[in-house]
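A closer look at the structure
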Amino acid sequence: MLLIALLAVARKFIILDMRETSAEYLLALAAITLALGVTYRLMRFGADPIDRLGGNRRATASGGERESGIHHPGKDEIDAEQ
């Protein structure tokens with residue numbers, strides 16, 4: 001729902017007639033956009049601490065190594081071998 005509200009406010013900015021719009025109205029739209037954006041960010045990334053990477057991905061060590069220390073080739077390495 002928050003994303004839909006953000007899209008609706010963005011659409012409002014796009015169709016806005018700058019000649020007939022007061023500064024207070026623009027400030028109110030900016031405040032609404034900021035509030036919706038912060039709320040979306042907190043709900044999207046604050047609920048799951050693992051999700052800070054942008055998905056439910058586990059962080060791996062450098063070189064594709066995991067906690068076990070065994071190297072697991074990534075997609076690029078497999079494509080390079082073929």
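Residues numbered from 1 in each chain as written. Predicted model: local features only at pLDDT ≥ 70, side-chain atom pairs only at ≥ 80, totals over all residues. Heavy atoms only, no water.

Let's talk about the overall build of the protein
- Helices and strands together make up the secondary structure of the protein, namely 3 helices and 0 strands.
- Among the 82 residues that make up the protein, the fraction classed as buried is 10%.
- Taking as baseline every contact in the protein between residues at least 6 positions apart, the subset at least 24 positions apart corresponds to 29%.
- Of the roughly 7000 Å² of accessible surface on the protein, 61% is carried by carbon and sulfur atoms. (Helix = DSSP H or I, 4+ residues; strand = E, 2+ residues; numbered from the N terminus. Buried < 20%, exposed > 50% of the residue type's maximum accessible area, 1.4 Å probe, protein only. Contact = heavy atoms within 4.5 Å. Areas by Shrake-Rupley, 256 points an atom, 1.4 Å probe, with all protein chains shown as cover.)

A few points about the nonpolar core
- Counting residues in hydrophobic clusters, the biggest one holds 5 residues: Leu6, Val9, Leu16, Leu29 and Leu36.
- Within the residue set of this core, elements represented by two or more residues are α1 (2-15) and α2 (23-46).
- With near-sequence residues (within four places) excluded, Leu6 lies in contact with Thr33, Leu36, Gly37 and Tyr40. (Core = buried A, V, L, I, M, F, W, Y, C linked by side-chain atoms within 4.5 Å.)

So, the environment of Thr33
- With respect to the helices and strands, the residue Thr33 is situated in helix α2.
- A relative accessible area of 27% places Thr33 in the partly exposed class.
- Between the C-alpha atoms of Thr33 and Leu7, which are 26 residues apart in sequence, the distance is 9.5 Å.
- Residues contacting Thr33, with those up to four places away along its chain left out, are Leu6, Val9 and Phe13.

Considerations on the side chain of Thr21
- Within the element layout of this structure, Thr21 appears in the loop between α1 and α2.
- Sequence-distant contacts of Thr21, that is, excluding residues within four places in its chain, are made with Leu16 and Leu26.

Describing a nonpolar patch on the surface
- Together, Leu3, Leu7 and Tyr40 make up a nonpolar patch on the protein surface, roughly 280 Å² of accessible area in all.
- Along the polypeptide, Leu7 turns up in helix α1.
- Take Leu7: its relative accessible area is 55%, and that puts it in the exposed class. (Patch = residues over 30% accessible without salt bridge, like charges linked within 9 Å, V, L, I, M, F, W, Y side chains within 5 Å. Salt bridge = Lys/Arg side-chain N within 4 Å of Asp/Glu carboxyl O.)

Some thoughts on the environment of Leu36
- Inspection of the secondary structure puts Leu36 in helix α2.
- Residues Leu36 and Leu3 lie 33 residues apart in sequence; the distance between their C-alpha atoms is 8.3 Å.
- The residues touching Leu36, leaving out its near neighbours within four places in the chain, are Leu2, Ala5, Leu6 and Val9.

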